[in-house]
Structures are given as structure tokens and as C-alpha cells.
Amino acid sequence: MKENVIIIGGGVAGLEAARQMLSLGLRPIIVEQSDHLGGHVACWHRLFPDMTPARELVAKLVESCREANIFLETTVQSINRLKDGYAVMLSNGVNILSRAVLIASGFKLFDAAKKEEYGYGVYDHVITNRDLENWFAGAEDLRIPREPKVFGFVHCVGSRDIKAGNTQCSKVCCMTAIKQAIEIKEKFPGCEVFCFYMDLRLFGKKYEDFYLNAQRDYGIRFIRGRVSEVSETIDGRVQVKAEDTLSGKPLKIQMDCLCLMAGMQCNPSATSIADMLHVEVDTDGFLRSKDNIYSILESQKPGIFFAGACTGTKTVPETVAEARAAALSIFNYLSR
Amino acid sequence: MMEFGFRLSPSSTIDLDRADLSLYRKIERLEPDMKTCMACGSCSATCTAGQYSGMSMRKVILGLQRGTDVSGMLSCCMLCGKCTMVCPRGINTRHLILSICRTYEKK
Ligand code: SF4
Ligand code: SF4
Ligand code: SF4
């Protein structure tokens, strides 16, 4: 009989791992707490660097997991360690025995309203990266004006910010800001677009090319300095203050819309599962791997594996690669 | 009149809503490469005139972007072209300097 493997989380990591497990002859069971598969990526419009429609990737993954057992709107109630494996009890009453568990519960987007000085949820034209992505995907959003003349992006919202509880860099938001800035410029060619950054962290394939294109072909302006506060003008525009650290002077500018690049935090449900399993949480709030070089996908506990953003901020391709590797690690673990 | 020793300090804030960017716009059209400057400072570090006169290509570009007067700095350039050799973005900074000067002259 094919062996069960529990996968907690039905985002990109969980789906790709399930797909690989199916081809390795295992029987993956995906437990997803929301009502859809594909996680955050399912709500995204296009993915850098090739502007791939996110929905295509998710559809492909979902299609290849048709043979997997999938429980939506289901959470893990308890996990008990057995002699050789784990007994997992789900919120729908199903009990599963599995020798290996894959935690693929991903990240939670930082709640931008917590950075009160930026006025998300208070001012009329302050939005987040996710709101903008939804809008690109066709959702209506009255906070985005019909014909914006000046549009801004604030990098590192809730990332690299000890007071927001996150010291880590979220890795993808510099690139996402540039991608979204270009998309805004494509929609509104007459609009001035500004990015406020502390560092531009553009490490991945083609990211620097995007930066160069953004400057050269789209005239997007980059201002080095963290936005310190945002207020609303009498006519409802957004007043932004930052230091222009290259000039060494304070700078202010009014905008028609301001987009906050909210960062990644470990998903609280990952932490609660870690609790049940007595798996440690690392100093950055993400789950602790056995080590951070050679065994990122292994926990300290036998049979408990990780894939994707539960161990730290990840891009989509990194997540996919980890999911594949985790499926293989689990296969090897089970065939010992 | 009695002198109390008080005076108003002008604000040092850069107000991008009021900044006059007409010069920047003109030069942006003449020298589109200027937009790719990433403020690395290689040009200023290598500039022979910079050590003595405060000339900095990086600051010239920044000044244009912020609408401030950069003519004082430009007058210290010797047009040696060292800055062009080191720019990692391949901006022809020497040519850019000449274009900026020409645009100033026309003003
Ligand atoms: S990727 Fe960029 S915007 Fe995101 S946290 Fe890191 S430095 Fe900040
Ligand atoms: S051309 Fe002018 S700015 Fe460039 S290195 Fe020579 S003196 Fe400095
Ligand atoms: S060397 Fe080039 S990229 Fe660097 S600051 Fe000077 S002009 Fe800009």
C-alpha cells in the first residue's frame, strides 16, 4: 500500500511537494486552512521576472495534484508522536497516521496598519502591495485614483524593523516594488513614480535588469531614505516625509496614492504546529531548521520536514525548489 | 532699529512639489543615460578636481533631480573624463557635463 504523508499547507510549497510525492509513489494528504489552494500566490497577479500570470502557475500545480487527498478549510487539531511516526487529528474529525510530516505553512503578510505612522486604513489613498496586486488582477479599489499624477512605493514596511518585531529582510519586496512601479507606469505613462528605499536588495536572476529598465525606460525615481511619516492634505492627497539621505536633507512630496511594501512574517499557524510538535522557533520568528546550510528542510525532530517560507522569507522559485527537495528527502527518509 | 539677534532660518527641506525640474527634464531628454545613475559615487571618488573643489558628478545628477543649482560645481570640472571611465552604468558623464553646461548657457 502507498504510504501517507501529511502536508500542512496548500500553497505553492505544499502543492509542488505533493506533485513530487505522487510521482515518487507516495500518498500526499494536503491540509489547507483557507478555502483555496495556491496560498498567497493565488491572489497575486503577475510574478517577476517573466511577468508570468500567477494564476497559470497555481492552475498547473493544482492540476498536477488531482490525485492527492486535499482537505480545504481544515486545520490540524493535534499531533501526537508515536513510536514510528505521528498521529494527526484534523478539525474535520479525520485521523491520519503518517511517518513523515511536511510543514509548508508559509508566511503571513505583515499587517501594515501596525505601522501607524503610515496611516494604512486611516488615509484614503494608502494601500499595500497586496491591494495593488489585487487591483492589477481586476479587483476594484477606490483608494487608487483614476488618473494618478504621483504614485509612491515605500519599501521595508514591517521588515528590517525591530519595533515591528521583524529584523529580517523580506527579500521579495524590493523586486516587487520595482515590478509594481513599472506596471503602474505602464498603466499611467504620465504618472511620476517614486520608490523610497533603504537599500535595494536585488539579488535574483534578472532583478538588476528590472532596476535598470525601471530607471532608463520608465523613468522611475529612487529616493534613498525610509519614509518617516505620512499625513493627509486638506484635499485628500498623501503627504510623505522622508530624509533624502543622499542629499542629507529632509524631503517632502505629495502623492495621489502610496503603496506600502508589507513584508513577510512566519505564519502563526506554523508556530502553533511547531508548538504541538515541540519544534523550535528560531530567533527571527520562523521555524528552526536543523541547520541553515545543509539541512534547511529538516527539523530537529525525526520525520518532520519543512518547505517554503515557514523557515524564512523565500521567493516563489526558491519555494518550488525546496518543495521538490523536501519531497525527495521524505521519500529517502521513508525508504530507510 | 534694535537688533535682537533673532532671525528666520530658511528651511532646508527639499519640497519636491515645488522644485523646478525643468532643467532636469531637458537634460533627461538629451542624455537619457543619466536616469540610470545609481549613486554609487565612483565618479566622485575618482575625480581629480573633487578633492579640491567639491565637484561631484554624483551630486550634480542628484542636484538636477532635486531641482537645485549645480552650476557652481560644474565650473570646477576639468573635463578630464576619468569619471566616465569608472562609471559602472556606462554613463558618459563627461558628455553629460557638457550637455548640462550647454543647457545652462541657453537659459
Ligand atoms: S527586499 Fe527590499 S523592501 Fe523588502 S525588506 Fe528587503 S530591503 Fe526591504
Ligand atoms: S571630467 Fe570633471 S567630473 Fe569627471 S573626473 Fe574629470 S574633473 Fe571630475
Ligand atoms: S559612477 Fe555613474 S552610477 Fe555611479 S554615481 Fe557616478 S554617474 Fe552615478
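Residues numbered from 1 in each chain as written. Chains lettered and ligands numbered in written order. Predicted model: local features only at pLDDT ≥ 70, side-chain atom pairs only at ≥ 80, totals over all residues. Heavy atoms only, no water.

Novice: Which residues make up the packing of helix α1 (residues 22–30) of chain B against helix α7 (residues 93–106) of chain B, and what values do they have?
Specialist: Angle between the axes and distance between the axes: these two values describe a pair of packed helices. All names here are of chain B. Interhelical geometry of α1 versus α7 gives an angle of 135° and a closest axis separation of 10 Å. Relative to α7, the element α1 lies oblique. Considering how the two elements wind past one another, α1 and α7 form a crossing that is right-handed. On α7, the residues that touch L23, K26, I27 and L30 of α1 are L96, I100, T103 and Y104. Residues that form the contact of α1 with α7 fall into these classes: six nonpolar, one polar and one charged. (Axes fitted to C-alpha atoms, helices over the stretch in contact; angles between N-to-C directions. Helix = DSSP H or I, 4+ residues; strand = E, 2+ residues; numbered from the N terminus. Parallel < 35°, antiparallel > 145°, perpendicular 65-115°, else oblique. Left-handed = near helix turned anticlockwise from the far one by under 90°. Contact = heavy atoms within 4.5 Å. Nonpolar A, V, L, I, M, F, W, Y, C, P; charged D, E, K, R; others polar.)

Novice: How would you sum up the pattern of salt bridges? Please name residues and give values.
Specialist: Where charged atoms from two side chains of opposite charge approach closely, those side chains can pair. By the definition in use, this model includes 28 salt bridges over all chains. Of the charged contacts in the structure, one is a salt bridge between R19(A) and E16(A), with a shortest N-O distance of 3.0 Å. Taken together, the positions of R19(A) and E16(A), both in helix α1 (residues 12–23) and three residues apart, correspond to about one turn of that helix. R19(A) sits in the partly exposed class, given a relative accessible area of 31%. Taking the shortest distance from any N to any O, the salt bridge between D244(A) and R66(B) comes out at 2.6 Å. Placement of the pair is D244(A) in strand β16 (residues 238–244) and R66(B) in helix α4 (residues 57–66), with the two residues belonging to separate chains. D244(A) sits in the buried class, given a relative accessible area of 0%. (Salt bridge = Lys/Arg side-chain N within 4 Å of Asp/Glu carboxyl O. Buried < 20%, exposed > 50% of the residue type's maximum accessible area, 1.4 Å probe, protein only.)

Honestly, that's just the spatial picture; any functional story needs more than this.
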